[in-house]
Number of protein chains: 2
Amino acid sequence: MTAIEAQQRGVPKSELLRRHLLEMLNSGMVPHDKLSTERELAGAFSVSRLTVRRVLDRLEREGRVYRIQGAGTFVSEPRIAKSVELTSFSEDMRSRGLVPGSLFVEIERIPAGAEVGYALGISPAATVVHIRRVRTADAEPMCLENCYLPGHLVPEDMVLAPNDSLYAQLSGSYNVHLTRADQTIRVTVLSPADADALHVPPLSPAFRVERIGYDARGQAIEQAQSLYRGDRYSYELTILREAITTAP
Amino acid sequence: MTAIEAQQRGVPKSELLRRHLLEMLNSGMVPHDKLSTERELAGAFSVSRLTVRRVLDRLEREGRVYRIQGAGTFVSEPRIAKSVELTSFSEDMRSRGLVPGSLFVEIERIPAGAEVGYALGISPAATVVHIRRVRTADAEPMCLENCYLPGHLVPEDMVLAPNDSLYAQLSGSYNVHLTRADQTIRVTVLSPADADALHVPPLSPAFRVERIGYDARGQAIEQAQSLYRGDRYSYELTILREAITTAP
DNA sequence: CAGTGGTCTAGACCACGAG
DNA sequence: TCGTGGTCTAGACCACTGT
């Protein structure tokens, strides 16, 4: 085990250690292998034990390792599902081995209206950008998405690349970073028009997802309503029981 | 602000601080109120700043507070959805303001078979306990559940109380603690028989959930297949984007 | 019993936000 | 410029596991 390379510009030591451990986990270790002890890792990478623990805490939350007090830290069984993370449609599809794409159906600037205005925490009369897209995976429709963004976040002259992540474009041009989203997932059956857009028979079952995305300050950035084809899409998630909680 | 009471037997300081902060958040503070600084909290509760930070880290993950570097820590807007947590059906329903119940349809000891045996990581010939229940909310069917437990976890003479949480019963009688579960959520339409059991018309849309539950060591404890009525059930979840990640 | 992870302390310096 | 949260250190003691 070699000492970690010199700390790069602005990259925390914990992040370097995390990358190193991830590499170890992804190659050369099998489930239930024992990792070095926290004290050994601290010594080997010239960091404090607390730093090691913060990194292992996150890997544990992500389901990559498990820890047994008095025994050690061990590699987890690979899981079908990653821990729930906030990902864009594009990232989501790529992680499933599919090629994401988009077809613009509509893009317009309109008044928010009551529902969208309320969700975004702005005046119903304020302008929002409405983007309607059919999102594809391997060139076949997967999802019908209606996305609403506050107008002031999207300059009139901004050119939206349909295939790039909307988040990435906003994150790049502005200082807008999506950090949290509330989702409500329901089941529904598709109307004839929606079924047609998704290339499935009418009344096919589908996920209906409503999402409101927020930045670090809790400001709503995005409201989206999506319909996912039930025959192609599934949610896979790993959930954890947190440690001590006040009595249920 | 008063100093925290003397540490109780076995309860970590961080847990006492957490409870105190939760009480403050639940009564007397409104969204975007500023909390005391980490250093003030550390002083007021006679703990180190690191302990305060560990508590705030968790409250932040749970969506109760947000932090802005250089500015402070603030109360979050209340969310429709709690952060994803591993809860039993009973806990889930109670948190929605509904009264949970169960009807045993079937309970039997059978060989695991290929699929269940594989999911639980045991021999297909090993005995499993199969529990088939209709789970109710406010006395109306909500979910049809097929649950399989390794036979060695459930003694022959164990009496299962249909309305109590299965986890609580296992956790009490044995040292079996569910800490993680992998779920796959699909949409489907109900067969006539299932629709009848759930008191809905045939071909109604529904969630089909497959779950495998694990203990801290990664041993499978439970495999369950559930059908949730689409007209009554929805998933509400808050998802976070983790800090730095390796390039997507 | 020795060794592990779990909790905690009392500092330190840095990066960022606001006045 | 000053105060905030973000990162990190070098210790300490406790609770638990396994021999």
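Residues numbered from 1 in each chain as written. Chains lettered and ligands numbered in written order. Predicted model: local features only at pLDDT ≥ 70, side-chain atom pairs only at ≥ 80, totals over all residues. Heavy atoms only, no water.

Caption draft 1: Representation of the protein's contact with DNA strand C in the model. The full set close to DNA strand C counts 26 residues, and Arg 49 and Arg 53 of chain A together with Lys 13, Ser 48 and Gln 69 of chain B are the nearest of them. Each atom of DNA strand C within 4 Å of the protein was assigned to sugar, phosphate or base; sugar and phosphate come to 63%. Interatomic distance of 3.3 Å between a side-chain N/O atom of Gln 69 of chain A and a sugar or linking oxygen of DNA strand C. Mapped onto the surface near DNA strand C, the elements with two or more residues apiece are helix H2 (38-44), helix H3 (49-61), strand S1 (65-68) and strand S2 (72-75) of chain A together with helix H1 (13-26) and helix H3 (49-61) of chain B. Ranked by residues supplied to the surface near DNA strand C, first place goes to H3 of chain B with four residues. Grouping the amino acids of the surface near DNA strand C by side-chain chemistry returns five nonpolar, 11 polar and 10 charged. (Near = heavy atom within 4 Å. Polar contact = N/O pair within 3.5 Å; in protein donor to acceptor, adjacent residues only side chain to side chain. Helix = DSSP H or I, 4+ residues; strand = E, 2+ residues; numbered from the N terminus. Nonpolar A, V, L, I, M, F, W, Y, C, P; charged D, E, K, R; others polar.)

Caption draft 2: Here's a closer look at the relation of the copies chain B and chain A. Turning chain B through 180° and shifting it by 0.0 Å along the axis lays it on chain A, with an RMSD of 0.1 Å. On the angle and the small slide along the axis, the relation comes out as a two-fold axis. Of the residues that chain B buries at the interface, 100% are likewise interface residues in chain A, meaning the two copies contact each other through the same surface. (Least-squares fit on C-alpha atoms with pLDDT ≥ 70 in both. Contact = heavy atoms within 4.5 Å.)

Caption draft 3: Spotlight on the protein's contact with DNA strand D. Neighbouring DNA strand D are 26 residues; Lys 13, Ser 48, Thr 51 and Gln 69 of chain A together with Arg 53 of chain B lie closest to it. Restricting the count to atoms of DNA strand D within 4 Å of the protein gives a sugar and phosphate share of 62%. One of the side-chain N or O atoms of Thr 51 of chain A is found 2.8 Å from a phosphate oxygen in DNA strand D. A distance of 3.2 Å is found between a phosphate oxygen of DNA strand D and a side-chain nitrogen or oxygen belonging to Arg 217 of chain B.

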